[in-house]
Amino acid sequence: MAKMDERLESMVERYNEINELMMRSDIVSNRKEMAKLGREQNELTPIVDTYGEYKNAKAELEDAQSLLHEDDKEMREMAEMEVERLEPLIQQYLDKLELLLVPKDPNDSHNAILEIRGAAGGDEGNIFAGDLYRMYAKYAEAKGWKVEVIDTEESEAGGYSLISFKVNGDGAYGILKFESGSHRVQRVPKTESQGRIHTSTATVLSMPEIDAEDFDIDMNDLEIETMRASGAGGQHVNKTDSAVRIIHKPTGIIVKCQDGRSQHENRATALATIRARVYEEHQRKIDEENEAERRTKIGSGDRAEKIRTYNYPQNRVTDHRIGYTVNQLDRIMDGRLDDLMAALQLADQQAKLAGEKQ
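These figures come from a predicted structure and were not determined experimentally. (Residues numbered from 1 in each chain as written. Predicted model: local features only at pLDDT ≥ 70, side-chain atom pairs only at ≥ 80, totals over all residues. Heavy atoms only, no water.)

**Student:** Help me understand the overall build of the chain, please; the structure alone is not making it clear to me.
**Tutor:** When you go through the chain residue by residue, the secondary structure sums to 10 helices and 11 strands. Principal-axis analysis of the C-alpha atoms gives the chain an extent of 90 × 60 × 40 Å. Counting only residues that meet the buried cut, the chain has 44% of its 358 residues in that class. Contacts in the chain between residues at least 24 apart in sequence constitute 62% of all its contacts with a sequence separation of at least 6. Looking at the chain as shown, the accessible area adds up to about 19,600 Å², and 46% of this sits on carbon and sulfur atoms. (Helix = DSSP H or I, 4+ residues; strand = E, 2+ residues; numbered from the N terminus. Buried < 20%, exposed > 50% of the residue type's maximum accessible area, 1.4 Å probe, protein only. Contact = heavy atoms within 4.5 Å. Areas by Shrake-Rupley, 256 points an atom, 1.4 Å probe, with all protein chains shown as cover.)

Structural data, given as structure tokens:
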């Protein structure tokens, strides 16, 4: 416990230091530095707050324990009641601190880039990809996050064979990172005259947006092409070479961006996306080599891994990784994902904690 207290005290010191730094005029005028300190402050706040509550409860317990040997019977009884109340409360704070101190992914505070593809089931898989996009867009809107579409390949029957988009919001990746994998839908397609239930899938890939200084890509490894944008997208479509396609030659990863208003904007977005894709591939290889890291993950993050089933006839959603089932599919598809995301985050923390204790 002494080692834990030492670690927590150093975090309180750093938290106070950040608060002082954020009041300095040279820092206030530096947007990048303010954002960086703000992210660190947000990460430390729940730890510092919980530690403060724990210390207050511990001091109250010591006061109550000192009164247990008083001659006054009424005073002793009151002290016993306080001890009974405070001991389990202190344990709750300790359990919470233990979880909060589990090492976090440094990318958790970043924006997220998501790529959804219609997979098995043809048109129905593409339609479901569109449903998933709307689900995430509504969730993002409720959180006050901004969604920027990067690229779309629309399906004639509706939905998308591919849609990629960025979610701008503090901690977006930390919440949406568990969405990578295969999402399965069971329902009667609108095109099905017999009323039979079909099973279709769409795959999701969730990646953090990575700053150029955090992960460098050799520009010599990139092949950058410009072309005319196609499909819906405003006045400029098919009139200018505004769409940008980038190929990362060592991995063969291809990214296209055409939804921005200019070639410059599309190029910047495409570069950010290819950096995220190459970084994700780089991390996947590291995880494969590091068996201990893989064991503490609640999912592999592989597109082929079946992570969730959306059963329309029974209004049911099941996340197979954590055994989470809820009969509120209509609410889930309406973007009300808070409970599901909280369950995934808790399972992830517990898996990491179990891995640390092994």
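**Student:** Please clarify how the domain arrangement of the chain should be interpreted in this entry.
**Tutor:** Think of interface size as the accessible area that goes away when the parts come together; that is how it is often given. Assigned domains within the chain: domain 1 (1-101), domain 2 (112-212 + 301-356) and domain 3 (219-290). Domain 1 and domain 2 are separated by 37 Å when their C-alpha centres are compared. Each partner contributes residues to the interface: domain 1 has 4 residues there, and domain 2 has 5 residues. Taken together, the two surfaces of domain 1 and domain 2 that pack against each other cover about 450 Å², and 57% of this comes from carbon and sulfur. Of all residues in domain 1, the largest losses of buried area upon contact with domain 2 belong to Arg39, Glu98 and Leu99, amounting jointly to 77% of the total for that side. Inspection of the domain 1/domain 2 interface yields 1 residue pair in polar contact (both at pLDDT 80 or more). Secondary structure elements with two or more residues in the side of domain 1 that touches domain 2: helix H3 (31-66) and helix H4 (73-100). (Domains from an automatic or database assignment. Buried area = accessible area lost by both parts, 1.4 Å probe. Polar contact = N/O pair within 3.5 Å; in protein donor to acceptor, adjacent residues only side chain to side chain.)

**Student:** Would you mind showing me how to read the confidence of the model for the chain here?
**Tutor:** Detailed reading of predicted coordinates is not advised where the pLDDT is low. Confidence in the prediction for the chain averages 87 pLDDT; 91% of positions are at 70 or higher. Contacts from residues 232-238, a stretch scored under 50 in pLDDT, to residues over four places away or in other chains number 11 contacts. (pLDDT = per-residue confidence, 0-100.)

**Student:** Please explain helix H1 (residues 2-21) as it appears in this structure.
**Tutor:** Owing to its 3.6 residues per turn, the α-helix brings residues three or four apart onto one side. In this model, H1 (20 residues) spans 29 Å end to end at C-alpha, consistent with the 28 Å of a helix rising 1.5 Å per residue. Within H1 the residues assigned to the buried category are Met4, Asp5, Leu8, Met11, Tyr15, Ile18 and Leu21. Where H1 is buried, its residues contact helix H2 (25-28), H3 and H4. (Expected span 1.5 Å × (residues − 1).)

**Student:** Quick question: what am I supposed to make of the sheet that holds strand S8 (residues 253-257) here?
**Tutor:** Strand-to-strand pairing in sheets goes through backbone hydrogen bonds, with the strands running parallel or antiparallel. On the basis of which strands lie adjacent, the open sheet formed by 3 strands has the order S6-S7-S8 and antiparallel pairing. Both outer strands of the open sheet, strand S6 (222-227) and S8, are each paired with one neighbouring strand and no more. Adjacent strand axes in the sheet meet at a mean angle of 15°, parallel and antiparallel pairs treated alike. As paired strands, S6 and strand S7 (residues 243-248) are joined by 6 bridges and run antiparallel to one another. Counted as the bridge partner of Leu222 is His248 from S7. In the packing of helix H7 (residues 263-289) onto the sheet, contacts are made with S6, S7 and S8, and the angle to S8 comes to roughly 150°. (Pairing = 2+ DSSP bridges. Axes fitted to C-alpha atoms, helices over the stretch in contact; angles between N-to-C directions.)

**Student:** Explain the environment of Glu40 here, please?
**Tutor:** For Glu40, the location among the structural elements is in helix H3. Residue classification places Glu40 among the partly exposed positions, given a relative accessible area of 26%. With 69 residues separating them along the chain, Glu40 and Ser109 place their C-alpha atoms 8.9 Å apart. Each residue touching Glu40, except ones within four places of it in the same chain, is listed here: Arg14 and Ile18.

**Student:** Can you walk me through the sheet that holds strand S2 (residues 146-154) in this structure?
**Tutor:** Strand order in the open sheet made by the 8 strands is S2-S3-S1-S5-S4-S9-S10-S11, with mixed pairing throughout. Two strands close off the open sheet at either side, each with one partner strand: S2 and strand S11 (324-326). In this sheet, adjacent strand axes meet at a mean angle of 15° when their direction is disregarded. Note: strand S1 (residues 112-118) against strand S3 (residues 160-168), 6 bridges, orientation antiparallel. Across the sheet, the residue bridging to Ala112 is Val167, located in S3. Lying over the sheet, helix H5 (residues 123-143) contacts S1, S2, S3, strand S4 (181-187), strand S5 (198-208) and strand S9 (306-311), oriented at roughly 45° with respect to S5.

**Student:** In this structure, what is going on with a negative patch on the surface? I would like to understand it.
**Tutor:** A surface patch of like charges, here negative, comprises Glu70, Asp71, Asp72, Glu74, Glu77, Glu80, Glu84 and Glu87. In this fold, Glu80 is placed in helix H4. Judged by relative accessible area, which is 40%, Glu80 ranks as partly exposed. (Patch = residues over 30% accessible without salt bridge, like charges linked within 9 Å, V, L, I, M, F, W, Y side chains within 5 Å. Salt bridge = Lys/Arg side-chain N within 4 Å of Asp/Glu carboxyl O. Lys, Arg positive; Asp, Glu negative; His and termini not counted. Charge placed at Lys NZ, Arg CZ, Asp CG, Glu CD.)

**Student:** So what exactly am I meant to see when it comes to the pattern of salt bridges here?
**Tutor:** Where side chains of opposite charge bring their charged atoms close, a pairing between them can arise. A full pass over the atoms with the stated rule returns 24 salt bridges. Lys177 is the salt-bridge partner of Asp108, the closest N and O atoms lying 2.8 Å from each other. Taken as a pair, Asp108 in the loop between H4 and S1 and Lys177 in the loop between helix H6 (172-176) and S4 lie far apart in primary sequence, 69 residues in all. Like Lys177, Asp108 is buried.

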